[in-house]
Amino acid sequence: MTAHDIVVIVNGRQHRVRVMARLLLADLLRDELRYTGTHVGCEHGVCGACTVLVEGEPVRACLMFAVQADGLRLTTVEGLAPSADRLHPLQEAFRARHALQCGFCTPGILMTLVAFLAEHPQPTEAEIREALSGNLCRCTGYQPIVAAALAAASVLDENTGRR
Amino acid sequence: MKPAPFEYVCPRSLEEALDVLGRHGDEAKVLAGGQSLVPMLNMRLARPAVIIDINRVAGLDGIVESGRSLHVGALVRQRSLERVAVIRARAPLLAEAAPLIGHLQTRARGTVCGSVAHADPAAELPACLVALAAVYQVTGARGQRRVPAADFQGGLFTTVLEADEVLTAIEVPASPWPRVGTAFAEVARRHGDFALAGAAAVVAQDDEGTCRDVRLVFFAVGDTPHLAAATSVLLGARDDKSIDDVARVAAGELDPHSDLHASGAYRRRVAAALARQTLATAWARACR
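Residues numbered from 1 in each chain as written. Chains lettered and ligands numbered in written order. Predicted model: local features only at pLDDT ≥ 70, side-chain atom pairs only at ≥ 80, totals over all residues. Heavy atoms only, no water.

### Here's the deal with the overall build of chain B
Alright, step 1. If you tally the helices and strands in chain B, you get 11 helices and 14 strands.
Alright, step 2. Here chain B has a C-alpha radius of gyration of 19 Å; the compact-globule value for 288 residues is 19 Å, and the two agree.
Alright, step 3. The long-range share in chain B, meaning contacts at least 24 apart out of those at least 6 apart in sequence, stands at 63%.
Alright, step 4. Accessible surface, chain B: about 12100 Å² in total, of which carbon and sulfur atoms supply 50%.
Alright, step 5. Separation between the mean location of the 32 positive side-chain charges and that of the 32 negative ones in chain B comes to 6 Å. (Helix = DSSP H or I, 4+ residues; strand = E, 2+ residues; numbered from the N terminus. Rg over C-alpha atoms; globule rule 2.2 N^0.38 Å. Contact = heavy atoms within 4.5 Å. Areas by Shrake-Rupley, 256 points an atom, 1.4 Å probe, with all protein chains shown as cover. Lys, Arg positive; Asp, Glu negative; His and termini not counted. Charge placed at Lys NZ, Arg CZ, Asp CG, Glu CD.)

### Digging into the side chain of Asp193(B)
Alright, step 1. By the secondary structure assignment, Asp193(B) is in the loop between strand S11 (179-187) and strand S12 (197-205).
Alright, step 2. Ignoring anything within four residues of it in the chain, the contact list for Asp193(B) reads Glu186(B) and Ala188(B).

### A word on the packing of aromatic side chains
Alright, step 1. Tallying each qualifying case throughout the model produces three aromatic pairs over all chains.
Alright, step 2. Centroid distance Phe65(A) to Phe6(B): 5.1 Å. Interplanar angle 65°. Geometry classified as edge-to-face. Taken together, the positions of Phe65(A) in the loop between strand S4 (57-60) and strand S5 (73-75) and Phe6(B) in the segment before strand S1 (7-9) put the pair across two chains.
Alright, step 3. Take Phe65(A): its relative accessible area is 0%, and that puts it in the buried class.
Alright, step 4. Residue Phe6(B) is classed as buried on the basis of its relative accessible area of 2%.
Alright, step 5. Seen from their ring centres, Phe184(B) and Phe219(B) are 5.6 Å apart, and the 20° between their planes marks the pair as stacked. Pair noted here: Phe184(B) is in strand S11 and Phe219(B) is in strand S13 (residues 211-219), with a separation of 35 residues, a long-range link. Across the pair, Phe219(B) and Phe184(B) agree in class, each one buried. (Phe/Tyr/Trp six-rings, centres within 6.5 Å; stacked < 30°, edge-to-face > 60°. Buried < 20%, exposed > 50% of the residue type's maximum accessible area, 1.4 Å probe, protein only.)

### Some thoughts on the side chain of Thr278(B)
Residue and element names in this part refer to chain B.
Alright, step 1. Mapped onto the fold, Thr278 is located in helix H11 (residues 264-287).
Alright, step 2. A polar contact of 2.8 Å, which involves the side chain of Thr278, links it to the backbone oxygen of Leu274.
Alright, step 3. Among the polar contacts listed, one links the side chain of Thr278 to the backbone oxygen of Ala275, at a separation of 3.3 Å.
Alright, step 4. Leaving out residues up to four positions away in the same chain, Thr278 has contacts with Ala183, Phe184, Ala185, Ala199, Ala201 and Leu216. (Polar contact = N/O pair within 3.5 Å; in protein donor to acceptor, adjacent residues only side chain to side chain.)

### Details of the packing of helix H10 (residues 243-252) of chain B against H11(B)
Residue and element names in this part refer to chain B.
Alright, step 1. Axis separation between H10 and H11 bottoms out at 8 Å; the angle between their running directions is 140°. Viewed along their axes, H10 and H11 adopt a mutual orientation that is oblique. Relative to H11, H10 is oriented so that their crossing is right-handed. Contact residues: H10 offers Ile243, Asp244, Val246, Ala247, Ala251 and Gly252, while H11 offers Arg268, Ala271, Ala272, Ala275, Arg276, Leu279, Ala280 and Trp283.
Alright, step 2. A class-by-class count of the residues in the contact of H10 with H11 yields 10 nonpolar, one polar and three charged. (Axes fitted to C-alpha atoms, helices over the stretch in contact; angles between N-to-C directions. Parallel < 35°, antiparallel > 145°, perpendicular 65-115°, else oblique. Left-handed = near helix turned anticlockwise from the far one by under 90°. Nonpolar A, V, L, I, M, F, W, Y, C, P; charged D, E, K, R; others polar.)

### What to know about the sheet that holds strand S4 (residues 63-66) of chain B
Residue and element names in this part refer to chain B.
Alright, step 1. Pairing in this open sheet of five strands is antiparallel, and the strands run S4-S5-S10-S6-S7 from one edge to the other. Looking at the sheet topology across the chains shown, the edges are occupied by S4 and strand S7 (143-148). The average undirected angle you get between the axes of adjacent strands in this sheet is 25°.
Alright, step 2. Of the strands in this sheet, strand S6 (135-140) and strand S10 (165-173) are in contact with helix H1 (residues 14-24), which crosses S10 at around 130°. (Pairing = 2+ DSSP bridges.)

Have a look at this one:
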C-alpha cells in the first residue's frame, strides 16, 4: 500500500503529513493532528458529528479521505473562537441557552451552523431545523439548539451590519 | 468501520482517468463526491482494489449553456443546483428538488452525476432527469456515447455503464414548447431521509395553452424511476380538469414494495397524491 505526502491547512496552520490512502479525514484530524474537537459518531455519514469546513463548505469528515484534502483549507471547531479567552458568537449563544447536554454532537452542529448562517444571515426557525437535519443530538436537545442558533444569527447579523 | 486498503489514484485529466479505469475495470471504483461510495467502503460493503478520484480532473466541474441545452459536468455538486442562477432559470425542477437531497453537508460534496451513476431507487435526481428528458454523456476508452435518461437505469443500483466507462456529463434539453411548468414533491419521514414516495412532473403547452407534452415520473416506489404512461390522456387538453383521474391511473401503474416504514398500498396512495399535486402545480406554472 502506498503512502501519500500531503499538506493541509487547518485553522490557518499548515501541516505536512504522510497518510495511507484509506485514512479518513476525520481520523487524520483527530489521531494524527490532534484536533480532537472533531467528533466521530457513526462513521458512515449519518450523524453529522464530524462536520468540518473544507474550503468553507460544511462536509462530513468521515466521508472524505485525508489524501483528498491535499492543499485544501480546513476549519475545525478549534478554529471558531477568535482567541483563547473569547468565544465565537455561536459558541456564546450555545453556552447562554444551554444548547448542549453531553456535547458530543456540538462541534458538528457549530460547524454546520457557521457555514449556514454565513449564507442565510436572517434564517427562520424552520430553515434552521432544515439546515440541522443532518446533525443528530441523542440528548434530544434540539429546542435550545434552535433557540441558540436564532440568537446567534441576530448577533452575527448585527455585527456584520455595523461594519 | 474503516475501509479496507486500496490503491489511490488521482488523475488530472479525463484521458488519464479512463486509462486507469480501462486497465483495472471491475477492480476499480470512480470516486467523485463519495457520499454513497465512502459509506459503502467504510462498512466494507465495497472493497475495490483501486480508487480513481476524479475530483482533480480538469474540465468536469462546469454548468454550461450550450445551444438549446444545459450541460452539467461530472463534478458539479448537488449544492450548485440550489445556488446557480442558470439552473433556477433553465431547469427549475432541479433547483426545487435539490434541497430535499440528503443534507447540507452531503450536498456540498455529492455530485449530480454521482447520484445518477449510483442509481439508488429513492434518489431524487434520476427521476427529475427522466422527467426533463435528459441525455447522459458516457465516456470510455473506446469513445463516447449518449444515453437517454429513461434508458440508463437497468434495475436496482444498476445502470448501462460498462466497467470502463464514466458518466461525464448530463445534457438537459430545452423544451421546444413556449410554456413549460415543472414541479417536484416527495414524502419522507424526516427532512433528508430517503423518500417513501416521490414525483416529478413536467407540463408543456403551446401558445394557446393546449398541453403538448407531459412527463410524470415516480421514484422510491420501484427499482427504477417510473415514467407514467397514463399522462398521455392530457395531450391536447386545454384545462387541468382530468388531472385527478390521470394521477390515480398513473399510480395504478406502480407496484411499490412494503417495508418497515410503509406498506406498498400506502406508498401507492402517497404516489397518487403526489402525482395530483405535482401535475396540478406544473400545469399552473405552465399557464403563468
